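Geometric and topological summary
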Amino acid sequence: YSDLKAACAPKNIDVFLGMELNPDEFSYMKSEQPRAELLLYGITPEFVEKYGFSLLTLPHQELFAICEENNFLLSQSHPFRDNISAVNPEFLHAVEVFNGHPGHNSRNDKAAEFCKANKLIPLAGSDFHGAGSEGCGIYLKNEVHDNLSLVNEIKKNTHILITK
């Protein structure tokens, strides 16, 4: 993150720290459901240093409370992929309603229904692991240059989803 941010600064490209997290509560290593990946937006290096690996052991509700306290955004990625469970929407701000990974059936239509039914913020992502995933994300109507403004802009829910 720090190296990318430094390399992009002379080109006036803003870099934001985020994290995809597979906490123990939703781990793929368990034989039973629920399994899920969560996305954290607005986090800082200090937050990562403070919590470190304990982020993997925090219960979902506690992680959400920390996000609320710090004005971070907690989302779930691809909640309706095979062997994935939609988590309790009470403890989410957003959900990925479009996942662009070409090798997975993310059931984006079900994710959009889940988002709307639970009044969550819709997000889109490329899930970039190689060619074919590009071309997805969100278009913000206003400029943002730091984590706080990024989260606040997403929470306005005025962005446009970019889907292939």
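This structure is a prediction, so every number in the text was calculated from the model and none was measured.

1. Some words on the pairing of strand β3 (residues 73-77)
Buried residues dominate β3, accounting for five of its five residues. The alternating pattern of β3 places Leu 73, Ser 75 and Ser 77 on one face and Leu 74 and Gln 76 on the opposite face, and all of these are buried. In this sheet, β3 lies alongside strand β2 (residues 37-41) in antiparallel orientation, the contact comprising five bridges. Bridge pairing in β3 links Leu 40 to Leu 74. Bridge count for β3 against strand β4 (residues 94-99) is two bridges, and the pairing is parallel. If you follow Ser 75 over to β4, its bridge partner there is Ala 94.

2. Here's the deal with the sheet that holds strand β1 (residues 18-21)
The five strands lie next to each other as β1-β2-β3-β4-β5, forming an open sheet whose pairing is mixed. The sheet terminates laterally at β1 and β5 (121-125), the two strands that pair on one side only. Neighbouring strand axes in the sheet, compared pairwise and without regard to direction, differ in orientation by 30° on average.

Conventions adopted
Residues numbered from 1 in each chain as written. Predicted model: local features only at pLDDT ≥ 70, side-chain atom pairs only at ≥ 80, totals over all residues. Heavy atoms only, no water. Buried < 20%, exposed > 50% of the residue type's maximum accessible area, 1.4 Å probe, protein only. Helix = DSSP H or I, 4+ residues; strand = E, 2+ residues; numbered from the N terminus. Pairing = 2+ DSSP bridges. Axes fitted to C-alpha atoms, helices over the stretch in contact; angles between N-to-C directions.

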